[in-house]
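Results of the structural survey
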2 protein chains.
Amino acid sequence: METWSFLDTFESNFRPLVVIELAKGTKKETIEWFTERIVDKKANGGAQLLIKPLVTENGDGNIYLVGASHLRLLLGAETVGLVKECTDNSMRSFTYSSRKTFKDFADDNHNFLTMSECQYIIKHELENLRAKDEKMIPGYPQAKLYPGKSIVRRLLTNGILVQIFPLHDREELKKLRHTWYGQVKIGYQPLDEIRSYFGETIALYFGFLEYFTFALIPMAVIGIPYYVFAWEDYDKYVMFATFNLLWSTVILEVWKRICAVMTYHWGTLLMKRQFEEPRPGFHGVLGINPVTGREEPVYSSIKRQLRIYLVSVPFVCLCLYFSLYVMMIYFDLEQWAMDYHEENKSNFSSLMLFVPSIIYAVVIEFMNRIYRYAAEFLTSWENHRLESSYQNHLILKVLVFNFLNCFASLFYIAFVLFDMKLLRQSLATLLITSQILNQFAESLLPYWLQKRHVKKMKKHMHSLKTDTDLSLVEQINLEKEMGIYLGTFDDYLELFLQFGYVSLFSCVYPLAAVFAVLNNVTEIYSDALKMCRVYKRPFAEPTANIGVWQLAFETMSVISVVTNCILIGMSPQVNALFPDSKMDLVLTVAFVEHLLLAIKFVMAFVIPDKPRDIQIKLAKLEFESLEALKQQQMKLAAESLKE
Amino acid sequence: METWSFLDTFESNFRPLVVIELAKGTKKETIEWFTERIVDKKANGGAQLLIKPLVTENGDGNIYLVGASHLRLLLGAETVGLVKECTDNSMRSFTYSSRKTFKDFADDNHNFLTMSECQYIIKHELENLRAKDEKMIPGYPQAKLYPGKSIVRRLLTNGILVQIFPLHDREELKKLRHTWYGQVKIGYQPLDEIRSYFGETIALYFGFLEYFTFALIPMAVIGIPYYVFAWEDYDKYVMFATFNLLWSTVILEVWKRICAVMTYHWGTLLMKRQFEEPRPGFHGVLGINPVTGREEPVYSSIKRQLRIYLVSVPFVCLCLYFSLYVMMIYFDLEQWAMDYHEENKSNFSSLMLFVPSIIYAVVIEFMNRIYRYAAEFLTSWENHRLESSYQNHLILKVLVFNFLNCFASLFYIAFVLFDMKLLRQSLATLLITSQILNQFAESLLPYWLQKRHVKKMKKHMHSLKTDTDLSLVEQINLEKEMGIYLGTFDDYLELFLQFGYVSLFSCVYPLAAVFAVLNNVTEIYSDALKMCRVYKRPFAEPTANIGVWQLAFETMSVISVVTNCILIGMSPQVNALFPDSKMDLVLTVAFVEHLLLAIKFVMAFVIPDKPRDIQIKLAKLEFESLEALKQQQMKLAAESLKE
């Protein structure tokens, strides 16, 4: 087997970490140039990694394995700013020169960096492989380059590079699967293992999912007797709603603290933000970036604003209007079903009463998914320079539409039709239908498809070995055909909508929390299955918090204060307390609402975002770096004053 | 004249910057030890400054002048982290080694650092003069020291050191006075000059005062016709209130941007936070600080919490209750005055109608001031470790009380008595009386006292020279008796309450903004007078924003949305629009209120806190430091891989 890694980084025990698939029929000169750049020395502008072609039976030769020497990975860990635990239990940025002070570090311990960290480092190094004086990719004159352009990104946008993905570690994965969902037991997820296998973003999602499920349990437990005994006295009712509102504030605040503890121990809380490069899809005319002073594509911010306000905003409004229109059709259907039930009372007709809600729930899910594609297309067309800004605009678009699409009918039923019975029924149908649809569309369907595909593949390869016995070639051939995990967006969105169903109308349907808990327990398993079995292994993404979702959940909990207060105010029990004056009722409700909102804000302000011990550790670290700086200055000062 | 500065830092052109006054009769050994420590080399743990005794006619010998060599000041500028403009117009942290790249730097340019910067550096160096192995202050066995304890702070708490203050620069001050308030002209204040003479905190206050005054002008201009023509139609009314609410949001958001621009050019936006030392008044048993690992007094956080919740909170509640009690007495008086007016209608009796409000306004001011002392005492007794935490607790205590004390009667009149005429009258009386009282108590009275004192002093010294001709001895004797400027707290508080009067009930009394503008114009002059003539020169305090006051003003503007919506809902014009159903009225008002609050939050979210060019400059700086780090790592990596 030929290898290009003969320059000065040759290592006999080559461990493949990342797979590069080039397009079939890629020109030889291109391959040579690209692999040469990958193995070339750092000093010459290369990535100084190891690369090997994968020799398959039919010998396509378009798949390459990338690895790196242990030393190279350690230096890369410093470049990406990994934070690791020291022997004194504090967390510090890893540097090669201070490597001896880190826990578990030994020159021959190749497990100091987890496999996902190594893969993250390699991805970072590959993406930072930049054009020097090449004007184009050799062999492809239409694929222009300019100094500083990321080569891998250009290869990807030109279709020469089909995909880059990290390899699964069959042994590790099997262990992880076993502790995660292999045993029938109630307990915490192995978050630290998930983190070292899939990275922080995904581990944090599972952490949030688990936390959120536990946090819903008190609501569910309190909700059951309300449903069973139909406790609808005024005081019990208000108590339940007030508990829910304060509880939802508390859980969101406490999550920040738990999140800080987790990410501190993972090291991402301390990781410095890297300078953000333009996102892959960004295009524009070559110009000078005012921040870096480098030549790169620039795109006028005014043009982008025009696209946003003249095209995207009207389009979103149109979609919102369409969603409301569909909602009105649903109400017509609902009316028709009720009339039908009135005319011919039968078991069939009473079943028919649920049909419009179910159809509507399916339509909503369908519209949400269609809209998602439209939103992605539009946001990509808006041509944002940074991935973070792209994500924020996408999330905002999707959230607004999904919120209206899912909850508009409930708002309409509650505050226009004043039909609490229908509200309860709709809420239950929407919640349960969407949960079933989601679990099916998200995990079970892809799992089934994937399983069929694997069987076909194996039959094709005339081998029926178990997973762990697969040869590297077979494993790569399997994995490269697997679907791509598109990030945690859809998972968080699902939780967000669920939180809406639970909190917005909690006092009408106390069982919502129970269903949410049940759903989330199975969700953990189906999401775990999805990650381990259905998709390609994703690259790890270091992250310190759940970002914009924290804000989204907090906004939802503010809106739920308003809706719950109105619902309580509308309930016959509360109305009976103010027999003479509806005015007093409304004023009381408004007063209580403002009071609750004020309490919410004070609570959010008073509860510190980080636990005290984490605060102290962070302060200690800051103090040390200030001290080091001061020592340095002192030395300089002493020298200068001596002169 | 003898000087201790002969060690190795002797400089012939000694320029006195800071004055140290020791207690009369301080022991000689103490003085010798202290001055020795001040002039001792950095390497030996000294401050390496220059010090000279001030020889007066009566020869007390308890006053010392501190200065520093130019080189020492430049090195000090690096230690405190001053940020200066470079020749390429970017702002960078000053370092001695890169001194040549800074604008206006020349080895013989002694104006590169402003005088207030030099004084700030000296203060910092003096406060950082720490005990080595001394167990006590020589000559004072009761004044214990431990390694790392700030010597100056111990001397201050033991009364050996009476005061440290920066010297005025008579020439500069005269120039500043002339451009600031010496000429009768309408125009901006010389904020940059104020900043270089008094430091950033004070300049930022004057900047805010000026900005706030300009921002109030549109409200005032729109308010006048409403008052003159009594425009009380529904639509004009609502328009005015809505304009006020949105305007108040906009001005607070825009202030953040203007503040960022100012502090960027002053360099404080980029200044790194220094590690906070325990505040002077903090005491406790010696222990180990978990952050620094140093020996220092520690005080249990639980004890502090107990003091706060068991003593301070009940005390504040009691004060609030007392304030409400006084309010009820005011209403009795008001009733009595009205009855009196009814019985004997005369000019005198109609004047009498205003008397209760005026008395109440005076009592409010009086109570506010008394409470202030109590709050300071209590917060100091709570024994906060950090000055910032002390300040936050103090501000919170004072704000809550002042808010209730000033506005409770207005809320009572508006929402319990529903008496709009009385509300308007009370508001006007309270606003105007408090403004007059404030200006008198804050500036004019101290100015008059100070002037009398100066006259007496000059007579005593048998000289009647003008200010600039005073000898150094005379100047110091004058300045050391001047009052101490206690910071911008009271000034901001005054503006905060004024903002409350203007915004909380803006739709009832549109003239409030006019009075506020008039008051602020004179306030600028009287505050300027106060700074230049009445008080000792304060030490400069670098700051990047107005801190907790931004939050206070924003909270006030949220509360004002609520009050204004209710007031509009209560107005007869709006009531006439809903003749049939009060219910619809209340619901409409509640809906509009929520809409306005939502718009406010969206606006606050959408308007970026920093202008685009400042954002780019900050990003550029961050990018450069990341690049530098990367270069360094790259070099290291190349070396390591070569081995």
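Residues numbered from 1 in each chain as written. Chains lettered and ligands numbered in written order. Predicted model: local features only at pLDDT ≥ 70, side-chain atom pairs only at ≥ 80, totals over all residues. Heavy atoms only, no water.

Looking at an unreviewed UniProt entry, one finds chain A named Anoctamin, with Penelope pileata as its source organism. Per UniProt, the comment on chain A under Sequence similarities (unreviewed entry) is "Belongs to the anoctamin family." According to its UniProt record, chain A has this under Subcellular location (unreviewed entry): "Membrane". (UniProt positions renumbered as here; feature names shortened; annotations may be inferred.)

Our focus in this paragraph is the UniProt feature "transmembrane region" (unreviewed entry) in chain A. All names here are of chain A. Residues given the UniProt feature "transmembrane region" (unreviewed entry) here are residues 202–231, 237–255, 308–331, 351–371, 394–415, 495–518 and 585–607. Within residues 202–231, the helical portion is 90% and the strand portion 0%, while the C-alpha atoms at the span's ends are 41 Å from each other. Structurally, residues 308–331 comprises 100% helix and 0% strand, and the distance from its first C-alpha atom to its last is 33 Å. (Helix = DSSP H or I, 4+ residues; strand = E, 2+ residues; numbered from the N terminus.)

Next up on the list: the confidence of the model for chain A. Residue and element names in this part refer to chain A. Per-residue confidence for chain A gives a mean pLDDT of 85; residues scoring 70 or more make up 94%. The low-confidence segment residues 1–10 (pLDDT under 50) makes 26 contacts with residues lying over four places distant or belonging to another chain. Interface confidence in the predicted complex, given as ipTM, is 0.83; pTM for the same model is 0.87. (pLDDT = per-residue confidence, 0-100. Contact = heavy atoms within 4.5 Å.)

Here the focus is the nonpolar core. Membership of the largest hydrophobic core comes to 102 residues, with the highest contact counts inside it found for Trp180, Ile194, Phe198, Phe206, Phe496, Trp549 and Phe553 of chain A. Looking at this core element by element, the count peaks at 13 residues for helix H7 (residues 200–228) of chain A. Aside from chain neighbours lying at most four places away, what touches Trp180 of chain A is Gln189, Pro190, Ile194, Phe198, Phe206, Tyr525, Ala528, Met531 and Cys532 of chain A. Judged by nonpolar contacts, the second largest core, of 97 residues, contains Phe208, Leu216, Cys507 and Val508 of chain B. (Core = buried A, V, L, I, M, F, W, Y, C linked by side-chain atoms within 4.5 Å. Buried < 20%, exposed > 50% of the residue type's maximum accessible area, 1.4 Å probe, protein only.)

Let us look at the interface of chain A and chain B. Taken together, the 38 residues of chain A in the interface contact 37 residues of chain B. Taken together, both faces of the contact between chain A and chain B bury some 3900 Å²; the carbon and sulfur share is 71%. Taken together, chain A and chain B are joined by 0 salt bridges. At the junction of chain A with chain B, the criterion picks out 2 residue pairs in polar contact (both at pLDDT 80 or more). Where the side of chain A that touches chain B is concerned, the elements lending two or more residues are helix H2 (70–80), helix H17 (548–570), helix H19 (582–606) and helix H20 (612–642) of chain A. Here the side of chain A that touches chain B gets 13 residues from one element, more than from any other, and that element is H20 of chain A. Looking at the side of chain A that touches chain B residue by residue, the class counts come to 20 nonpolar, 7 polar and 11 charged. (Buried area = accessible area lost by both parts, 1.4 Å probe. Salt bridge = Lys/Arg side-chain N within 4 Å of Asp/Glu carboxyl O. Polar contact = N/O pair within 3.5 Å; in protein donor to acceptor, adjacent residues only side chain to side chain. Nonpolar A, V, L, I, M, F, W, Y, C, P; charged D, E, K, R; others polar.)

Attention now goes to the side chain of Asp527 of chain B. By the secondary structure assignment, Asp527 of chain B is in helix H16 (residues 512–534). Overall, Asp527 of chain B belongs to the buried group, its relative accessible area being 1%.

All right, on to the sheet that holds strand S3 (residues 63–67) of chain A then. Residues and elements named next belong to chain A. Here we have 4 strands laid out as an open sheet, ordered S2-S3-S1-S8, and antiparallel in their pairing. On the outer flanks of this sheet lie strand S2 (50–53) and strand S8 (161–166), each paired with one strand and no other. Pairs of neighbouring strands in the sheet enclose a mean axial angle of 20°, with direction left out of account. Packing against the sheet, helix H1 (residues 28–39) makes contact with strand S1 (18–22), S2, S3 and S8, and its axis sits at approximately 160° to S1. Each of S1, S3 and S8 touches helix H3 (residues 115–127); the most contacted strand, S1, lies at about 40° to it. (Pairing = 2+ DSSP bridges. Axes fitted to C-alpha atoms, helices over the stretch in contact; angles between N-to-C directions.)

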